[in-house]
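Each chain, written out:
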Amino acid sequence: SRCEGKIVAVWRIGLTLPKHSIGEFEALFNAHTVAVSMALVGDVDEFAESPDRLWRLYAYCADIIEHDAVMALVAETVARLSLKAPEIGSELVPNEDWAAKYERETSLLFAGRFVVHGDHLRPPPGRIALCINAGNAFGSGMHDSTRGCLLALDHIAAPCRVRNALDLGTGSGILAVAIAKCWDGGGMGRADILAADIDPTAVVVSEAVAEANGVAGSVRICQSDGFAAPEIGEGAPYDLICANILANPLRQMAPDFVHHLGPEGIAIISGLLVSQEAEVMESYTDTGLRIVDHVCLGDWVTLLLTH
């Protein structure tokens, strides 16, 4: 339900699965719901590495229409993977409950030279601070695919000068802000960043995030389905292209990366599972790009490519 445009209650879907089955459902929930969280089931050692340990995955849906669509996708995925019927439940919960709980439990996230924090936390000195509040529909930076992108940016920061960058599927704008703050006119040069997202609400959110982080002068934001917006073609070639999306659109956009990436440019792509890495890599190597590095965090992989 909504009040004056603000979500005041959400549907929460709970799904219990063994660790080895979580990846595809986590990707599904990240693509189609407002927020996602995960907790270990029972009194078990959190660091015991067992693919059969059970986790409870929660997805938060803005309304009953989104809830029903996600439940149908869950049923399809269970059938496709031939899983033993997992424990699934859903309930309507006040927005304040999950958002406040999520924010209370969210701590500082460190990724190389970057630290991600909310308004309620004070980042330590000596790091590049990215202020991204938890609980919004477009990501707080706590997901492994986002952290993988930040670690990839940290890896290339010293050797690479970036003057012109593109952030596709910007969401909350966290990667655009990270690029702007990393290449801010010091020894690594100053970057101008174009950030794009297919969702018009994400455009509004990322504009506010860029403003809050003091980089609105370096970051322009547009609505675009992939590389389709005219601004993206006009801004090419790019020294750096980041895309934290999902495996299928990443495969489809591989030729566009070649056309928009500068001769010595770097592409950072993420949002793909370990099981999807080989197929996505093939899509890019077939275009002539080559893999120069990768970051693997849990079930998620981030790839770095160049000509």
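Residues numbered from 1 in each chain as written. Predicted model: local features only at pLDDT ≥ 70, side-chain atom pairs only at ≥ 80, totals over all residues. Heavy atoms only, no water.

As a further point, take the packing of helix 4 (residues 144-157) against helix 5 (residues 174-182). Following both chains from N to C, one finds helix 4 and helix 5 inclined at 20°, their axes separated by 11 Å at the closest point. When the interaxial angle is binned, helix 4 and helix 5 end up roughly parallel. For the pair helix 4 and helix 5, the sense of crossing is right-handed. On helix 5, the residues touching T146, C149, L150, L153 and A157 of helix 4 are I174, L175, A178, I179 and C182. Considered class by class, the residues forming the contact of helix 4 with helix 5 number 9 nonpolar, 1 polar and no charged. (Axes fitted to C-alpha atoms, helices over the stretch in contact; angles between N-to-C directions. Helix = DSSP H or I, 4+ residues; strand = E, 2+ residues; numbered from the N terminus. Parallel < 35°, antiparallel > 145°, perpendicular 65-115°, else oblique. Left-handed = near helix turned anticlockwise from the far one by under 90°. Contact = heavy atoms within 4.5 Å. Nonpolar A, V, L, I, M, F, W, Y, C, P; charged D, E, K, R; others polar.)

This part takes up the environment of V204. Among the secondary structure elements, V204 is positioned in helix 6 (residues 200-212). On the basis of relative accessible area, V204 is assigned to the exposed category, the value being 52%. For V204 and C222, which are 18 residues apart along the polypeptide, the C-alpha to C-alpha distance reads 9.5 Å. (Buried < 20%, exposed > 50% of the residue type's maximum accessible area, 1.4 Å probe, protein only.)

This part is about the pairing of strand 16 (residues 261-273). Every other side chain in a regular strand lies on the same face of the sheet, so the side chains alternate between the two faces. Burial within strand 16 is extensive, with 11 of its 13 residues counted as buried. Strand direction decides the pairing type here: strand 15 (residues 238-244) and strand 16, joined by 6 bridges, are parallel. Within strand 16, the residue paired with A243 across the bridge is I269. Alignment of strand 16 against strand 18 (residues 300-306), held across 5 bridges, turns out to be antiparallel. From the neighbouring strand, A267 faces strand 18, where its bridge partner is L305. (Pairing = 2+ DSSP bridges.)

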